[in-house]
Amino acid sequence: MTNTNEKNRQEIIVTGFGGQGIILAGRILGQAAALGDSKESTLVQSYGPESRGGACAAQVIISEDIIQYPYIKTPDLLVCMSQSAYDKYIDELKPDGILLTDQDLVKPAEDRDCFSIPATRMAEELGRKMMANIIMIGFTTAVAGVISVDAAKEAVTSSVPRGTEKMNLQAFTKGYEYGLSKLKGRAKKASGQTGVMA
Amino acid sequence: MEPKVLTGEHFINGDIACAEGAIAAGCTFFGAYPITPATEVAERMSERLPDVCGIFIQMEDEIAAMTSILGAAWTGVKTMTATSGPGFSLMMETVGLAVVTETPCVVVNVQRGGPSTGLPTMGAQADMMQAKWGSHGDYEIIAIAPSSPQEMFDLTIEAFNLSEKYRVPVFIMSDEVVGHMSEKVLIPEAKEIKTVARIKPKGRKDQFKPYQPGENGVPPMPAIGDGYNVHVTGLTHDEQGYPVMSVDTQKDMMNRLLSKIRDNLDDIIRTEEYLLDDADIVIVSYGVSARTAFTAVDMARQMGIRVGLLRLITVWPFPEEMIRDLSKRVKGFVTVEINMGQISREVQRCAGANAPSYLVGHAGGTVITPDEVIHLIKEAF
């Protein structure tokens, strides 16, 4: 409705529980687009008074043009890290939009096409459950192609606590590679395309 | 240690950009009490002020926070506080003290839904009239409404400059959305940033009158300790700064406090126009709502409706003449703001009988959508 004059505009909602690093994930996407890829991007967030456990969403708009109205009604890309977030936002996803989920935390409707990754489980295997969001960012970078890999890595490095950069880049790469293999698995995406939105 | 000016491109939120603007403008004292959604301003100032040998104090409440920045300002430094609605209410008495003692200071209000504790984590623009009239008595202040993190940086510098130039409290009337929204912020090189410092008195110390007007009706301001005797009081005072309870002294003091702003509107007021030249319908908006308005103008134009936007960068003093002039040639005004009718009433007052004025308002907690603006335009015109 509001993106009529804004070309090449991609609208992304990252959502889950407070404490999963949802806002940081949104921040990394926005920062990668703005600083690494030299595009315009806007991040707005919605959250409740509680810092953990409540519903939480980051809305990121990435565009070649100036972004005015900063909110998203119908995202092109929906990243869900909780069932309640999925239930809340799934009807807003554009018909041809892409759904990404944490496969252990979200059970989408059976007829719903989606890209899923056991991000939280993979993070636990890496020794830090809180890196699930970074794995998800890696996965999103590979599958959706809204930000470049280099920009994403740079944004991850500068956004995580000092001393944890290596560990987080490893998490990013895990998610990214998982995403690439998922893409390969889809025969129609086999011809050198890095992302379905790129 | 980080430098004073963090030259380069950053992806930061409006609150942090505001703090960086303050540091770049030369602010070296920040006294505040944390409150959502303004806490990040305080957090950033607490991290950054040591880099510039400044002082950060978390005061016991907002009354003390506001008082602290006045006291610090009289030692010769640039000062700021940041708060949201409930804290803004507590500051109001001291805002009057800042006005009457002509103390330069910057007050950031990252607005949230009210009244009272209201909606701590959700935005509104309902403190706009409070910024103008919240303290008792007649007065003029300056209020600025940033629409983006970039403007939180740029206009915070502007706020300091105006405050120093006119010796008046300047309000940065932001809101939760702009405060917490992250975007690219370009911080220029230090030498490209224009900063203004208050004019200090010269001449014989025994003949000094602290409230004798200088250029633009603004008295030069010494720092306590410079050797010039000053008497700083909230009571009505003469040019010497001494309390004088008389009709004439009150009249003279008030005239100067009002006229130093009212006589310099061209220097103070800043607006942005978008497709206004051929517009039949003028949207008036500010802060985050102006972003809705830009999109609504584009949508209306695509439908063949000639809509333009007057974005208020300075909300107070209000650009009365501009609205009055426009009212003579347009079909009407639509004010878009997240309250139940504040600035829209100013627009209505200035447009008078020349053109109708409508409001697209909201009780707060979310932004107004462009669709709501289009809906009203179709209904009303």
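Undergrad: Is there a simple way to explain the nonpolar core in this structure?
TA: One broad rule of soluble globular proteins: the nonpolar side chains tend to lie buried together. By size, the foremost hydrophobic cluster in this structure holds 172 residues, and its most contacted members are Ile 135 and Phe 139 of chain A together with Val 106, Val 108, Ile 144, Ile 283 and Val 373 of chain B. Ranked by residue count, the leading element in this core is helix H4 (residues 132–144) of chain A, at nine residues. Setting aside residues up to four positions removed in sequence, Ile 135 of chain A forms contacts with Ile 117, Ala 119, Met 122, Ala 123, Ala 171, Lys 174 and Gly 175 of chain A.

Undergrad: When you look at the domain arrangement of chain B in this model, what are you seeing that I'm missing?
TA: All names here are of chain B. Assigned domains within chain B: domain 1 (8–192), domain 2 (205–266) and domain 3 (274–380). Placing the centre of domain 1 and that of domain 3 at their C-alpha centroids yields a distance of 26 Å. Across the boundary between the two partners, domain 1 contributes 24 residues, which contact 21 residues of domain 3. Here the side of domain 1 that touches domain 3 gets four residues from one element, more than from any other, and that element is helix H5 (residues 128–133). Here the side of domain 1 that touches domain 3 is built from residues that sort into 16 nonpolar, five polar and three charged.

Undergrad: Honestly, the sheet that holds strand E2 (residues 40–47) of chain A in this entry has me stumped. Any pointers?
TA: Hydrogen bonds between backbone groups are what pair the strands of a sheet, and the pairing can be parallel or antiparallel. Taking strand neighbours across the sheet as the criterion, the eight strands line up as E6(A)-E5(A)-E4(A)-E1(A)-E3(A)-E2(A)-E9(B)-E1(B) in an open arrangement whose pairing is mixed. Lying at the two open borders of the sheet, with one neighbouring strand each, are strand E6 (115–117) of chain A together with strand E1 (8–13) of chain B. Direction aside, the axes of adjacent strands within the sheet are offset by 20 degrees on average. Helix H1 (residues 22–36) of chain A contacts strand E1 (10–17), E2 and strand E3 (55–63) of chain A together with E1 and strand E9 (182–187) of chain B of the sheet and is inclined by roughly 10 degrees relative to E3 of chain A.

Undergrad: Explain the sheet that holds strand E11 (residues 281–285) of chain B here, please?
TA: All names here are of chain B. Reading across the sheet, the five strands line up as E10-E12-E11-E14-E15 and stay open at both edges, with mixed pairing between neighbours. Every other strand in the sheet has two partners, leaving strand E10 (271–274) and strand E15 (357–360) as the edge strands with one partner each. Averaged over all neighbouring strand pairs, the angle between strand axes comes to 20 degrees, with direction disregarded. Here four bridges tie E10 to strand E12 (residues 307–312), and the two strands are oriented antiparallel to one another. Paired with Thr 271 across the strands is Leu 312, a residue of E12. Contacts from helix H10 (residues 287–302) reach E10, E11, E12 and strand E14 (332–336), with the element oriented near 165 degrees to E12.

Undergrad: Even after reading the chapter, I still don't get the packing of H4 of chain A against helix H5 (residues 149–159) of chain A, so can you show me in this structure?
TA: In a pair of packed helices, the angle between the axes and the distance between the axes together describe the arrangement. All names here are of chain A. Taken N-terminus to C-terminus, the directions of H4 and H5 make an angle of 165 degrees; their axes are 10 Å apart at the nearest point. Considering their axes alone, H4 and H5 lie roughly antiparallel with respect to each other. Crossing angle aside, the handedness with which H4 passes H5 is right-handed. Along its contact with H4, which presents Ile 134, Ile 137 and Thr 141, the element H5 presents Val 149, Ala 152 and Val 156.

Undergrad: How should the confidence of the model for chain B be read in this particular structure?
TA: Do not read the predicted coordinates in detail wherever pLDDT is low. Averaged over chain B, the pLDDT score is 97; the fraction of residues at 70 or greater is 100%. Interface confidence for the predicted complex, given as ipTM, is 0.93, next to a pTM of 0.95.

Undergrad: Looking at this structure, I do not really get the confidence of the model for chain A. What am I missing?
TA: Confidence along chain A averages 90 in pLDDT terms, with 88% of residues attaining 70 or more. Mean pLDDT values for the elements of chain A range from 90 in E2 of chain A up to 98 in strand E4 (residues 77–80) of chain A.

Calculation rules
Residues numbered from 1 in each chain as written. Chains lettered and ligands numbered in written order. Predicted model: local features only at pLDDT ≥ 70, side-chain atom pairs only at ≥ 80, totals over all residues. Core = buried A, V, L, I, M, F, W, Y, C linked by C-beta atoms within 7 Å. Buried ≥ 20, exposed ≤ 12 C-beta atoms within 10 Å, placed from the backbone. Helix = DSSP H or I, 4+ residues; strand = E, 2+ residues; numbered from the N terminus. Contact = placed C-beta atoms within 7 Å. Domains from an automatic or database assignment. Nonpolar A, V, L, I, M, F, W, Y, C, P; charged D, E, K, R; others polar. Pairing = 2+ DSSP bridges. Axes fitted to C-alpha atoms, helices over the stretch in contact; angles between N-to-C directions. Parallel < 35°, antiparallel > 145°, perpendicular 65-115°, else oblique. Left-handed = near helix turned anticlockwise from the far one by under 90°. pLDDT = per-residue confidence, 0-100.

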